[in-house]
Amino acid sequence: MQLLSHAPSGPIESRWERHRFNVKLVNPANRRKYEVIVVGTGLAGGAAAATLGELGYRVRSFCFQDSPRRAHSIAAQGGINAAKNYQNDGDSVFRLFYDTVKGGDFRARESNVHRLAEVSLNIIDQCAAQGVPFAREYGGQLDNRSFGGAQVSRTFYARGQTGQQLLLGAYQALCRQIEAGQVTMHSRTEMLDLIVIDGRARGIITRHLVTGETKAWLADAVVLATGGYGNVFYLSTNAKGCNTTAIWRAHKRGALFANPCFTQIHPTCIPVAGDYQSKLTLMSESLRNDGRVWVPKRIEDCQRPPNEIPESERDYYLERLYPSFGNLVPRDIASRRAKDMCDEGRGVGPAVDGTSRGVYLDFSASIQRLGKQVISERYGNLFDMYERITGENPYEVPMRIYPAIHYTMGGLWVDYNLMSTIEGLFVAGEANFSDHGANRLGASALMQGLADGYFILPYTLGNYLARVSPGGMNEQHPAVKAALNEVRIRIQRLLAINGSTTPDAFHRELGKIMWEFCGMSRNATGLSRAMQEIPKLRQRFWQDLKVLGNQQELNQSLEKAGRIADFLELGELMCRDALTRRESCGGHFREEYATPDGEAARDDDNFTHVAAWEYKGEGINPQRHLEELTFEFVKPSTRSYK
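Counting starts from 1 at the beginning of each chain's written sequence and moves along it residue by residue. Owing to the predicted nature of the model, reporting of local features is limited to residues with pLDDT of at least 70; listing and counting of side-chain atom pairs is limited to 80 or more, with chain, interface and lining totals taken over all residues. With hydrogens and water excluded, all non-hydrogen atoms of the structure serve as input to the side-chain values.

1. Some points on the overall build of the protein
Here's step 1: Secondary structure is summarised from DSSP: a helix means a run of H or I of at least four residues, a strand means a run of E of at least two, and numbering begins at the N terminus for each. The helix and strand inventory of the protein stands at 17 helices and 21 strands.
Here's step 2: C-alpha atoms define the radius of gyration, and 2.2 Å times the number of residues to the power 0.38 defines the globule rule. The C-alpha radius of gyration of the protein comes to 24 Å, within 12% of the 26 Å expected for a compact globule of 642 residues.
Here's step 3: Projected onto its principal axes, the C-alpha positions of the protein cover 75 × 60 × 50 Å.
Here's step 4: Each residue's exposure class comes from its accessible area (1.4 Å probe, protein chains only) as a fraction of the maximum for that residue type: buried when under 20%, exposed when over 50%, partly exposed otherwise. The 642 residues of the protein split such that 62% are buried.
Here's step 5: Contact criterion: two residues are considered in contact whenever any of their non-hydrogen atoms come within 4.5 Å of each other. Pairs at least 24 residues apart make up 74% of the contacts formed inside the protein by residues separated by at least 6 positions.
Here's step 6: Surface accessibility of the protein: about 24,100 Å² in total, with carbon and sulfur atoms responsible for 47%.
Here's step 7: As used throughout, the charge tally considers Lys and Arg to be positive and Asp and Glu to be negative, leaving His and the chain termini uncounted. To locate a charge, the coordinates of NZ of Lys, CZ of Arg, CG of Asp or CD of Glu are taken. Measuring between centres, the 76 positive side-chain charges of the protein sit 4 Å from its 72 negative side-chain charges. Using a 1.4 Å probe, accessible areas were evaluated by the Shrake-Rupley method; residue-level cover was limited to the displayed protein chains.

2. With respect to helix 11 (residues 372–390)
Here's step 1: Spanning 19 residues, helix 11 covers only 20 Å between terminal C-alpha atoms, well under the ideal 27 Å at 1.5 Å per step.
Here's step 2: At tyrosine 379, helix 11 is bent by approximately 85 degrees, the largest bend along its length.
Here's step 3: Burial in helix 11 covers these residues: Ile375, Tyr379, Gly380, Leu382, Phe383, Met385 and Tyr386.
Here's step 4: Looking at the buried side of helix 11, the elements it contacts are helix 10 (364–370) and strand 17 (399–408). A helix's residues, less one, multiplied by 1.5 Å, set its expected span. One fitted axis covers the seven residues ending at a residue, a second covers the seven starting there, and the bend at that residue is the angle between these axes.

3. Section: the sheet that holds strand 5 (residues 183–186)
In a beta sheet, neighbouring strands pair by backbone hydrogen bonds and run either parallel or antiparallel.
Here's step 1: Being paired, for any two strands, means DSSP has found at least two bridges between them. Overall, parallel pairing links the 5 strands, which are arranged 5-2-1-9-19 in an open sheet. Taken across any chain shown, the strands that pair with only one partner, and hence form the sheet edges, are strand 5 and strand 19 (425–427). This sheet shows a mean twist of 20 degrees between the axes of neighbouring strands, independent of strand direction.
Here's step 2: Where strand 1 (residues 35–39) meets strand 2 (residues 58–62), 5 bridges bridge the pair, whose relative direction is parallel. Across the sheet, residue glutamate 35 finds its bridge partner in strand 2, namely arginine 58. Angles run from 0 to 180 degrees between N-to-C directions of axes, and those axes are lines fitted to C-alpha atoms, restricted for helices to the stretch in contact.

4. A short note on the packing of aromatic side chains
Here's step 1: Each pair of aromatic rings taken from Phe, Tyr and Trp, with Trp reduced to its six-membered ring, is defined by centres within 6.5 Å and is described as stacked if the planes are under 30 degrees apart, edge-to-face if over 60, and tilted in the remaining cases. One pass over the structure, following the stated rule, counts 20 aromatic pairs.
Here's step 2: Geometrically, the ring pair formed by phenylalanine 106 and phenylalanine 631 is edge-to-face, given 6.0 Å between the ring centres and 80 degrees between the ring planes. Placement of phenylalanine 106 in the loop between helix 4 (93–103) and helix 5 (110–130) and of phenylalanine 631 in the segment after strand 21 (623–628) is noted, with a sequence separation of 525 residues between them. Like phenylalanine 631, phenylalanine 106 is buried.

5. Topic: the pattern of salt bridges
Here's step 1: Salt bridge, as used here, is a side-chain nitrogen of Lys or Arg placed within 4 Å of a carboxyl oxygen of Asp or Glu. Under the counting rule described, the total for this entry stands at 53 salt bridges.
Here's step 2: Salt-bridge contacts for arginine 58 lead to glutamate 35; the nearest nitrogen and oxygen are separated by 2.5 Å. Taken together, the positions of arginine 58 in strand 2 and glutamate 35 in strand 1 put the pair 23 residues apart, joining distant regions of the chain.
Here's step 3: The class of arginine 58 is partly exposed, set by a relative accessible area of 35%.
Here's step 4: On the basis of relative accessibility, which here comes to 13%, the residue glutamate 35 falls in the buried class.
Here's step 5: A network of salt bridges, in which partner residues are shared, links Asp105, Arg107, Asp332, Arg336, Arg581, Glu583, Arg602, Asp604 and Arg639.

6. Considerations on the sheet that holds strand 8 (residues 214–218)
Here's step 1: Spatial strand order, 6-7-8: 3 strands in an open sheet with antiparallel pairing. This sheet does not close on itself; its edge strands, each paired only once, are strand 6 (189–197) and strand 8. Taken over all neighbouring pairs, the strand axes of this sheet differ in orientation by 25 degrees on average, direction set aside.
Here's step 2: Looking at chain direction, strand 6 and strand 7 (residues 200–208) are connected through 8 bridges and run antiparallel. Opposite isoleucine 197, over in strand 7, you have arginine 200 as the bridge partner.

7. Here we look at the packing of helix 3 (residues 43–55) against helix 6 (residues 162–180)
Axes are the key here: two packed helices are described by the angle between their axes and the distance separating the axes.
Here's step 1: Contact geometry of helix 3 with helix 6 gives a least axis separation of 8 Å together with a crossing angle of 30 degrees. In terms of orientation, helix 3 lies roughly parallel with respect to helix 6. Considering how the two elements wind past one another, helix 3 and helix 6 form a crossing that is left-handed. Judged by residue contacts, Leu43, Gly46, Ala47, Ala49, Ala50, Gly53 and Glu54 of helix 3 engage Leu166, Leu167, Ala170, Ala173, Leu174, Arg176 and Gln177 from helix 6.
Here's step 2: Class assignment of the residues belonging to the contact of helix 3 with helix 6 gives a composition of 9 nonpolar, 3 polar and 2 charged. If an angle is under 35 degrees, it is roughly parallel; if it is over 145, roughly antiparallel; if it lies from 65 to 115, roughly perpendicular; otherwise it is oblique. Take the far helix as your reference; a near helix turned counterclockwise from it by less than a right angle gives a left-handed crossing, and one turned clockwise gives a right-handed crossing. Throughout this entry, Asp, Glu, Lys and Arg are counted as charged residues, while Ala, Val, Leu, Ile, Met, Phe, Trp, Tyr, Cys and Pro are counted as nonpolar. The remaining residues, Gly among them, count as polar.

8. Looking at the nonpolar core
Among soluble globular proteins, nonpolar side chains are generally buried collectively.
Here's step 1: Formed by 178 residues in total, the largest nonpolar core has its most connected members in Ile80, Leu224 and Leu465.
Here's step 2: Every residue in contact with isoleucine 80, bar those within four places of it in the chain, is listed here: Ile123, Ile124, Phe134, Arg154, Thr155, Phe156, Thr162, Leu166, Ala443, Leu446, Met447 and Leu450.
Here's step 3: Ranked by size, the runner-up nonpolar core spans 5 residues in total, among them Trp294, Ile309, Tyr316 and Val348. We call a set of buried residues a nonpolar core when its members are Ala, Val, Leu, Ile, Met, Phe, Trp, Tyr or Cys and they connect through side-chain atoms within 4.5 Å of each other.

9. With respect to the side chain of threonine 263
Here's step 1: With respect to the helices and strands, threonine 263 occurs in strand 11 (residues 263–269).
Here's step 2: Of the polar contacts made by the side chain of threonine 263, one reaches the side chain of arginine 522; its length is 3.1 Å.
Here's step 3: For threonine 263, the residues in contact, after removing those within four places along its chain, are Tyr229, Phe233, Tyr407, Thr408, Met409, Arg522, Met574 and Gly587. Counted as a polar contact is a pair of N or O atoms within 3.5 Å, where, for protein atoms, one must be capable of donating a hydrogen and the other of accepting one, and residues adjacent in sequence contribute only when both atoms are in side chains.

10. Regarding the state of the cysteines
Here's step 1: The disulfide criterion is simple: two cysteine sulfur atoms within 2.5 Å. Inspection of every chain in the model, using the stated rule, returns 0 disulfides.
Here's step 2: Unpaired in terms of disulfides, cysteine 518 finds its nearest cysteine sulfur in cysteine 575, a separation of 4.2 Å.
Here's step 3: Residue classification places cysteine 518 among the buried residues on the basis of a relative accessible area of 0%.
Here's step 4: The cysteine cysteine 585 is free of any disulfide, with cysteine 261 supplying the nearest cysteine sulfur at 6.9 Å.
Here's step 5: For cysteine 585, a relative accessible area of 0% translates into the label buried.

11. Regarding helix 9 (residues 331–343)
What sets the pattern is the α-helix's 3.6 residues per turn: residues three or four places apart point alike.
Here's step 1: The terminal C-alpha atoms of helix 9, which comprises 13 residues, lie 18 Å apart, in line with the 18 Å expected from a rise of 1.5 Å per residue.
Here's step 2: Along helix 9, 10 of the 13 residues are buried, which leaves the element largely enclosed by surrounding structure.
Here's step 3: Of the positions making up helix 9, those classed as buried are Arg331, Asp332, Ile333, Ala334, Ser335, Arg336, Arg337, Ala338, Met341 and Cys342.
Here's step 4: The positive-phi residue at the C-terminal boundary of helix 9 is glycine 345, with phi of around 95 degrees.

12. As for the pairing of strand 1
Here's step 1: When you tally the buried positions in strand 1, you get 5 out of 5 residues, the bulk of the element.
Here's step 2: Burial along strand 1 is two-sided: Glu35, Ile37 and Val39 and Val36 and Val38, pointing in opposite directions, are all buried.
Here's step 3: The handedness of a crossover follows from its direction of travel: if, with the strands pointing away from the viewer, the path from the first strand over the helix to the second runs clockwise, the crossover is right-handed. Following the backbone out of strand 1, through helix 3 and into the adjacent parallel strand 2, one traces a crossover that is right-handed.
Here's step 4: As paired strands, strand 1 and strand 9 (residues 221–224) are joined by 4 bridges and run parallel to one another.

13. Considerations on the environment of glutamate 392
Here's step 1: Relative to the helices and strands, glutamate 392 is located in the loop between helix 11 and strand 17.
Here's step 2: In this structure glutamate 392 touches Tyr386, Glu387, Val397, Pro398 and Arg400, once residues within four positions along its chain are discounted.
Here's step 3: Polar side-chain contacts of glutamate 392 include one of 3.3 Å to the side chain of arginine 400.

14. Considering the packing of helix 7 (residues 245–252) against helix 16 (residues 556–580)
Here's step 1: Axis separation between helix 7 and helix 16 bottoms out at 10 Å; the angle between their running directions is 60 degrees. Of the possible angle classes, the one that applies to helix 7 and helix 16 is oblique. Here helix 7 and helix 16 pass one another in a crossing that is left-handed. Only Gly562, Arg563, Asp566, Glu569, Leu570 and Leu573 of helix 16 make contact with helix 7, whose side of the interface consists of Thr245, Trp248, Arg249, His251 and Lys252.
Here's step 2: Split by residue class, the contact of helix 7 with helix 16 holds 3 nonpolar, 3 polar and 5 charged.

Next up, the structure:
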């Protein structure tokens, strides 16, 4: 299979503009003839459904939550990047492009990244016009703050709730189209399979989570905007409902899965407190603007109250190791260094499994310099959340943080038009692989979701629809009946096992395997072991799973079982991909491939490519396909933040 990116050539700064001119358009009077399915109502899905509805297409929007406002985009706290250069500190579209390519360790497609940087300018104007309450300076100009991986201030924010405010902006645009009759909203409805007819995506199979009804929905194109798969690790910063089912089922229908091992560890998470936890809580990366990261210099001081440890006995290790970027190094680097400190025995906080896994994030110097009121205005809700969870007041004692699974850079492979290897199946936001390479820079997830939904898909999806005739399909087609029947059989199979182990127990066991062997660092021995253990766990799952209740009712045990079955298959592919990529880059850190000072060591001669996996059938090893990456404008170099 040849992977064609369809990225335009020529000067990078004019590629998207020329591509937009060359795409085919659908006559406004003809748009109402086409129906589009959009799965997911986060920033990418909500923006796409609203914009396509505004253009005149008939849209069906699906989410498994009770409201589009529950989408996980709401949890993104710190901000959204845009190259506006309001601070006049040297930012530009090209610098944002450069920082993103470098931050991704030169494993992203240049054309997509530059387009993202261009479109960032429009996103802020769009959201401000919608009424998103971005922070402002004294004179009324939109304010900016810094984020990891950049030396300029380009991150727009709304205190510590930026994702929530942006999602409300997209939600009101979506509601306008629902009221106008252009968008039909289907909440509490989960996608369980993709309908593919003659190589073309023509619809989806869903289960209504309250009634249990399974149903086929047909359309002229399908957009998946269903987020990432970080919950394969069980403990992550993702909402408990986040899953891989939509993109994994599409993968099994023929969509290639790209770079599944590229998962991001976020350095600023509240540490694990015990085995009773089912998820972790993110503290925004924006806190690293004013917070300083440190651990005691001496192991024997690690259990002393932090305010009793004088400055001379503190190791501000990020400032020491990376003087140019200090506490604002990218997430992968900050995470690995925190792990190093704890591995040395200098972790702080209560011990879990015999080891303290935490470092301090200290605001005392900023409070003394700026005043408590300023810090409260910037981060007040984050400080309140931390105190409610830990019982510690971060205005008085340093926060304790430790890395956790956060974002997934891998996802379904898409070309420049955001179309997968299945014709008519488009993938947006975190569900695709396209823009972040091996490590996403902070505040770029919101940027990509809104760019894809508001400003890219309306052009590229229209280009596809202009080439196909609308309709021409009904639910009696054999492929539709077969897909619906397969979903029903799978549900019955899960219910019929009647074993003794809950879905959560299997999920927790999978998470331990993934974190131990495919987490913050990986090696060949561990990955090989994981690829032996996961199939055994999957076999036990299908023999001993216990699902209570039945399918004709609200049944969260059944929901979890289906999603965990998909995680058990995806986890093995992630380990296979990590084992095959014999280099370190970004969030993929192979211990065998590191520099003498512990940094990631890329192998540009052999791995400057995207690895996209093709599903070949149950029990058959997947096939690995490559998209070679070329760098014309940002030449690969040693990634240094020192």
